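Residue strings, one per chain:
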Amino acid sequence: MKGGVRARAERFGAIVAMDEPPALISVNRAFARRLGVAPDGQWGEDEAGLEIEVLRAPTEVHLAATMRCPAACTSCYADATPRGHEPSFDEVVARIDALASASVFSIAFGGGEAALREDIVKLAAHARARGLMPTLTTSGLGMNSKRAESFRVFAQVNVSYDGATDVSTSVRGYDGATVAKEAMRCLGEAGVPFGINTVLTRTSYEHVADTARDVQALGACEMQLLRFKPSGRGRMNYLAERLTFAQIDSFAETLRTLSTRHSFALRIDCALMPFLVQAKDVSPEAIATFGVMGCEAGRSLCATKSDGSMSPCSFWDGGPSGELDFQEAWEKDPTLSAFRSYVRNAPEPCKSCEFRQVCRSGCRIVARELTGDAFAPDPECPRVRSMRETDPARSST
């Protein structure tokens, strides 16, 4: 297709990727035909709706380019270390090629600290050459003006910034704020679009309004709020650092306040959906209209670990091991299948919840840590908490 637009046929029609403005748009078969999309064996007699259980391939893949990182954050979800495993250039190129062959749209490089790979720019350039849109998540370590200029190959660089020095230190165990601000300064001067990722702990949440003001002043194009998850070293202090129930109950109003005060784009990760939908004036229709979705692990996204194994998301430490055929693993892996089918078979209170399809029953990582069952309702969801307060027999936390 022409004009900076790519498309991939799906059972319902097609997914169209636009460069300007950057967006993925789902269209029905009639519109896909007008765009000249080839059916590619996807369009049978039944015209499936958008609520299909799985796409033919993910739209985005999070690729761990390394497990090395000198920061040793106390809450690192990946348990990265200074001597962590780092795949070779050729190994990563082969993984990029597999994603391109599967018609994946975008690739998010992470780690570990992927920005410290000397060849990360070459890897991103290779991804672009294969039709993938590359982004990068970094703490800012190793960033300088010259390095930032080479990062123009990325569609966007997301810098981890949890707030001012004292807040950042409480979340990460070191002063990540100074490093992050310098990185953002360099990226801004180089003309590289950058956003900010903020992990919400009970400490950082109390200062999120101040952090948002920093985001505005630093010139970030977006702020993404991330739920703190019990993964990697984050499991060790999860109960002490997770949001309090009072903070969870105030999340929707906090989000509303931030969105009305600032001009940058405000995003939330899928694990925060149970905290948003409990607001009284939020409807499933409004959530669906704006394309805000709960857990998409195994449905529209997945992760490739540093050893080449696939997992539903970057926080999941189970799943297939070794270099499996990407397309075959996407279609047949039992862990991915379990993630996809869970919502269809979800127990109460999710089963009868009007937000079930958009919320997707919360976070599997949190559920596994707190209940021992990854496919139990998210125990921190306000609606799940309410059910268990009235029916203690159902409570497992």
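Our subject is the structure that appears above.
The rules behind each value
- Residues numbered from 1 in each chain as written.
- Predicted model: local features only at pLDDT ≥ 70, side-chain atom pairs only at ≥ 80, totals over all residues.
- Heavy atoms only, no water.
- Helix = DSSP H or I, 4+ residues; strand = E, 2+ residues; numbered from the N terminus.
- Buried < 20%, exposed > 50% of the residue type's maximum accessible area, 1.4 Å probe, protein only.
- Contact = heavy atoms within 4.5 Å.
- Pairing = 2+ DSSP bridges.
- Axes fitted to C-alpha atoms, helices over the stretch in contact; angles between N-to-C directions.
- Phe/Tyr/Trp six-rings, centres within 6.5 Å; stacked < 30°, edge-to-face > 60°.
- Lys NZ or Arg CZ within 6 Å of the ring centre and 35° of its normal.
- Arc of directions from axis to C-beta.
- Core = buried A, V, L, I, M, F, W, Y, C linked by side-chain atoms within 4.5 Å.
- Polar contact = N/O pair within 3.5 Å; in protein donor to acceptor, adjacent residues only side chain to side chain.

Draft legend 1. Seen up close, the side chain of Ser314. Looking at the element boundaries, Ser314 is found in the loop between β12 (310–311) and α14 (326–332). Using a relative accessible area of 19% as the deciding quantity, one classes Ser314 as buried. Contact partners of Ser314, with chain neighbours within four places excluded, come to His62, Tyr77, Ala303 and Lys305.

Draft legend 2. The sheet that holds β12, seen in detail. Pairing is mixed in the open sheet, where nine strands are placed in the order β10-β9-β8-β7-β6-β5-β4-β11-β12. At either end of the open sheet lies a strand with only one pairing partner, and these are β10 (265–268) and β12. The sheet contacts of helix α2 (residues 89–101) involve β4 (60–64), β5 (106–110) and β11 (301–304), and relative to β4 the element is tilted by about 170°.

Draft legend 3. Looking closely at the packing of aromatic side chains. All chains considered together, the criterion is met by eight aromatic pairs. Each ring, one from Phe109 and one from Phe154, has its centre 6.3 Å from the other, and the planes form 80°; the classification is edge-to-face. Linking Phe109 in strand β5 with Phe154 in the loop between α4 (145–150) and β7 (156–160), this pair joins segments that are 45 residues apart in sequence. With a centroid separation of 5.1 Å and an interplanar angle of 90°, the aromatic rings of Trp316 and Phe339 are classed as edge-to-face. Residue Trp316 is located in the loop between β12 and α14, and its partner Phe339 is located in helix α15 (residues 334–341); the two are separated by 23 residues in the primary sequence. Of the two residues examined, Trp316 and Phe339, each falls in the buried class. Put simply, the rings of Trp316, Phe339, Tyr342 and Phe375 pair up and form one aromatic cluster. In this structure, Arg340 is placed above the aromatic ring of Trp330, and the distance from its NZ or CZ to the ring centre is 4.5 Å. It is Arg385 that lies over the ring of Phe245; its NZ or CZ is 4.1 Å from the centre.

Draft legend 4. Summary view of helix α11 (residues 251–261). Restricting attention to buried positions, one finds in α11 the residues Phe251, Ala252, Thr254, Leu255 and Leu258. Buried residues of α11, viewed axially, fall in a sector of 160°; they line one side. Those residues of α11 that are exposed and aimed more than 90 degrees away from the buried face are Thr260 and Arg261.

Draft legend 5. Structural view of the pairing of strand β8 (residues 194–200). Buried residues dominate β8, accounting for seven of its seven residues. Alternating positions in β8 separate into two faces, Phe194, Ile196, Thr198 and Leu200 on one and Gly195, Asn197 and Val199 on the other, with burial throughout. Bridge count for β8 against strand β9 (residues 222–227) is six bridges, and the pairing is parallel. Across the sheet, residue Asn197 finds its bridge partner in β9, namely Gln224.

Draft legend 6. Layout of the nonpolar core. In this structure, Phe109, Ile120, Phe151, Leu225 and Phe251 are the most contacted members of the largest nonpolar core, which totals 74 residues. Among the elements that line this core, the one with the most residues is helix α6 (residues 176–190), at seven residues. Not counting residues within four places of it along the chain, the set of residues in contact with Leu225 comprises Thr198, Leu200, Val208, Phe251, Leu255, Leu258, Leu266, Arg267, Ile268, Asp269 and Leu272. Counting 15 residues, the second-largest nonpolar core is a separate cluster that includes Ala271, Phe339, Cys363 and Ala374.

Draft legend 7. Examining the environment of Glu348 more closely. Along the chain, Glu348 falls in the loop between α15 and α16 (356–359). Classification of Glu348 as partly exposed rests on a relative accessible area of 33%. In sequence terms Glu348 and Ile287 are 61 residues apart; their C-alpha atoms lie 21 Å from each other. At a separation of 2.6 Å, a polar atom in the side chain of Glu348 contacts the side chain of Ser352.

Draft legend 8. Molecular detail of the sheet that holds strand β2 (residues 13–18). Taken together, three strands build an open sheet; the order of strands is β1-β2-β3 and the sheet is antiparallel. Edge positions in the sheet fall to β1 (5–10) and β3 (23–28), since each of these pairs with one other strand and no more. Taken pair by pair, the neighbouring strands of this sheet meet at an average axis angle of 20°, ignoring direction. In the sheet, β1 pairs with β2 via six bridges, with the strands oriented antiparallel. The partner of Ala7 across the bridge, within β2, is Val16.

Draft legend 9. Summary view of unusual backbone geometry. Cis geometry marks the peptide bond from Gly111 to Gly112, where omega comes out at 20°. Looking at the element boundaries, Gly112 is found in the loop between β5 and α3 (120–129). Of note, the bond from Glu348 into Pro349 is cis; its omega dihedral lies within 30 degrees of zero at 5°. Structurally, the position occupied by Pro349 is in the loop between α15 and α16. In this structure, Ser361 is a non-glycine residue whose phi angle is positive, near 65°. Structurally, Ser361 is set in the loop between α16 and α17 (364–371).

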